[in-house]
Each structure stands twice: as structure tokens, then as C-alpha cells.
Amino acid sequence: MRTKLVRVGLGIVLLMGLFFSARQVWDAKRAEQASREAAQIAGLPGSVSASVRLVSMETDVQERTDTVKEGSIETLDEGVKGAAETLPKEAAALAGIDLRGLQEVNQDVLGWIAIPGTKLSYPIVQGEDNDEYLYRNWKKENNKSGSIFLESTNRPDFSDFHTIIYGHRMRDNSMFGILKYYQKRDFLEGHPDIYLVSQDAVFRYRIFAAYETGVKSMVYRLDLEEKGLEEEFIEFCRESSVVDARVIPEPEPQVLTLSTCTGRGHSTRWVVQGYLTQTYSVHRYPEEEP
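What comes next concerns the included structure. Keep in mind that this is a model prediction, so the values were computed, not measured.

When helices and strands are tallied, the protein chain shows 6 helices and 10 strands. The 290 residues of the protein chain split such that 48% are buried. When contacts within the protein chain are restricted to residue pairs at least 6 apart in sequence, long-range pairs at least 24 apart make up 62% of them. Here the protein chain displays about 15,300 Å² of accessible surface, and carbon together with sulfur accounts for 50% of that area.

The following block contains the structure:
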């Protein structure tokens with residue numbers, strides 16, 4: 001009798017495991033479809049992976065960016081103007097993203113994040129709290145993959161001294177799954193920059209730290225400026241890093257933290273941090289002529 005019960009129990013456990021595995025695969029497929037839809041609406045090729053999207057966009061704008069001279073303002077596309085300086089191809093590729101189209105689907109969309117050459121290329125949303133998009137995609141549909149979302153207390157224009165963006169660490173390397181590779185120097189050298197797109201600018205951040213940290217560590221304090229802890233915070237990040245980025249943030253930088261889980265419980269997080277090195281102003285939606 002006992003052997004029979006054990007077998008039944010093992011069968012139930014096996015069936016539950018198969019069910020949850022199938023559910024994860026289904027959710028991952030739905031999340032990828034939602035990402036493709038976002039890319040199509042935003043004006044990026046949606047029929048290919050995120051890493052290829054940027055490569056395609058870079059190729060598409062290369063001829064235009066080659067003509068952008070330092071100290072001049074050139075039109076990169078209809079209604080899109082670059083800053084008065086040379087735009088690197090990655091920034092030029094992102095400058096034409098149609099955030100307004102995404103906001104017609106969900107007004108909580110406030111930007112786009114990308115690390116060129118990787119799968120990380122997604123819209124950014126911001127909820128009323130940090131639970132709203134934990135298990136919802138950018139269209140507010142229930143999904144275990146969640147969204148890439150901004151800390152609910154951060155300014156939506158990314159102008160805070162410290163901006164935190166969250167995302168799940170997915171097994172297929174989607175969402176923030178690729179961040180785990182930043183513990184290796186060669187991956188960092190191949191992908192040194194994070195790009196954020198806002199309504200009127202493209203921001204470039206140079207990665208300077210990557211490490212595991214406690215959920216109650218200094219990284220998640222929201223009063224750094226209020227307490228005058230900016231320098232202490234930068235030093236904490238640099239000393240905590242497990243990879244030597246060989247770059248030092250400039251005085252009084254704006255810091256971006258990408259935060260994801262470690263896969264080893266809920267008490268710590270894996271973070272990748274960059275400091276703002278360049279802001280490229282763009283003007284996507286010029287006022288219509290009277």
C-alpha cells in the first residue's frame with residue numbers, strides 16, 4: 001500500500017513538473033510575440049530576434065549617419081533630428097523609435113532599452129508600484145516573463161541621479177537573462193554600453209560594475225541624493241564589482257542600475273550598472289505646420 005502511494009505521489013509530482021515546464025515554454029513564446037509586436041509598432045523589424053533588429057537598423061541608417069558631421073544638425077529620418085554632434089550608429093538606430101505608437105497601446109510605456117548585439121531590446125514601462133508589471137507584459141497581459149519596468153519612484157525621464165530598471169532573468173536569455181554574462185570580462189568588452197530611449201533623447205551609459213548584492217543593500221536606497229551619499233554609492237558599486245570595467249565614472253554622474261534575480265533565492269539580486277556618458281537629443285514629433 002505504501003509503495004503504491006509513493007508511486008502515485010511521484011506521478012503527481014512528475015505531472016506537475018511537466019505542467020509547469022509547459023507553462024513556462026508557453027509564457028516564453030507569448031512574451032517573445034509581445035516583444036515582436038512592440039518592435040513592429042516601434043518601427044524596428046519585428047520578424048527577427050532583438051539582437052538582429054538593432055543590426056538591421058544600424059545597417060539601414062549607416063549611410064545617413066555617415067553624413068552627420070560633428071557640430072552640425074542633420075535629419076536622420078522624417079521628423080527625427082540628431083544632436084549637434086556625430087551620432088554613433090547604435091544611437092541613430094534607436095533615434096527613430098516610435099514611442100507614441102507604443103503609448104497608444106499602453107500609456108505606461110515611457111521608453112526603450114537596448115544593449116546592441118544582444119537579445120536585450122524592449123519597451124520600458126512604469127507602474128504605480130513595482131508589482132504591477134512583475135508578471136504582466138508591456139500590454140498589461142498576464143505573463144510570468146513580466147516586463148522591463150522602471151522603479152516606480154524614479155522620474156520617468158531618467159533624470160534622477162540613480163535610476164533602477166527591473167527585469168526577470170529568463171532561462172532563454174530573454175528579458176534580463178543576458179545580464180549574468182557580465183561577470184566575464186570578454187562579454188563586457190563586447191557589449192560595453194546600455195542605451196535608453198526617452199520621448200526626446202537617446203542616452204548612452206558605459207557599464208562600470210556588475211555584482212550580486214542584497215535586496216537591502218545601498219543599491220536599493222532611494223534617498224541617496226537626500227542624504228548626500230552619491231560619492232559613497234559610486235565607491236560601493238566599484239568595490240563590489242566582480243569584473244574590472246577599467247572605467248571610472250565621471251564626477252557627479254547619473255547612474256543606471258539594471259536589476260534582476262540571481263536564481264538563488266530572494267535575498268540577493270544581480271545588478272549591472274552604467275554611468276551616463278552621452279545624451280543625444282532627438283525631435284520625433286515636430287509640430288504640424290499651421
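Here the structure, examined in full by the defined rule, presents 7 aromatic pairs. An aromatic cluster of three or more residues is present, and its members are Y181, Y182 and F187.

This part takes up helix α6 (residues 230-240). When α6 is considered as a whole, its buried residues turn out to be F233, I234 and C237. Taken end-on, α6 shows its buried residues confined to a sector of 100 degrees, consistent with a single buried face. Seen from the buried face of α6, the exposed residues on the opposite side, beyond 90 degrees, are E231 and E239. At its buried positions, α6 is contacted by β6 (162-166), β8 (201-214), β9 (255-261) and β10 (268-281).

Turning our eyes to something else, we now look at the pattern of salt bridges. Per the counting criterion, the structure on display carries 8 salt bridges. Between R264 and E212 there is a salt bridge whose closest N-O contact spans 2.2 Å. Placement of R264 in the loop between β9 and β10 and of E212 in strand β8 is noted, with a sequence separation of 52 residues between them. Because the salt bridges share partners, they merge into one network encompassing E37, K139 and E141.

Below, the discussion takes up the pairing of β10. Strand direction decides the pairing type here: β8 and β10, joined by 13 bridges, are antiparallel. Along β10, the bridge assignment pairs A210 with V272. In terms of strand pairing, β9 meets β10 through 7 bridges, oriented antiparallel. Of the residues in β10, the one forming a bridge with T257 is Q273.

Attention now moves to the nonpolar core. Ranked by internal contacts, the top residues of the largest apolar core, which has 42 residues, are I97, L102, W112 and F233. Judged by nonpolar contacts, the second largest core, of 32 residues, contains I113, L179, I194 and L258.

Conventions and cut-offs
- Along every chain, residues carry numbers that run from 1 in the direction the sequence is written.
- The model is predicted, so local features are restricted to residues of pLDDT at least 70 and side-chain atom pairs to those at 80 or more, both for listing and for counting; the totals for chains, interfaces and linings are taken over all residues.
- Hydrogens are left out, water is left out, and the side-chain values use all remaining heavy atoms of the structure.
- Secondary structure elements are taken from DSSP: a helix is a run of H or I of four residues or more, a strand is a run of E of two residues or more, and numbering for both begins at the N terminus.
- For each residue, the accessible area found with a 1.4 Å probe, counting protein chains only, is set against the maximum for its type, and the residue is called buried under 20%, exposed over 50%, and partly exposed in between.
- We call two residues in contact when some of their heavy atoms are within 4.5 Å.
- Accessible areas in this description were obtained via Shrake-Rupley with a 1.4 Å probe; residue shielding takes into account the shown protein chains only.
- Only centres within 6.5 Å qualify two rings of Phe, Tyr or Trp (six-membered ring in Trp) as a pair; their planes then separate them into stacked at under 30 degrees, edge-to-face at over 60, and tilted for everything else.
- This arc describes the spread of directions from the helix axis toward the C-beta atoms.
- Whenever Lys or Arg places a side-chain nitrogen within 4 Å of a carboxyl oxygen from Asp or Glu, that contact is recorded as a salt bridge.
- Between any two strands, pairing holds if DSSP finds at least two bridges.
- We define a nonpolar core as any set of buried Ala, Val, Leu, Ile, Met, Phe, Trp, Tyr and Cys residues linked to one another through side-chain atoms lying within 4.5 Å.

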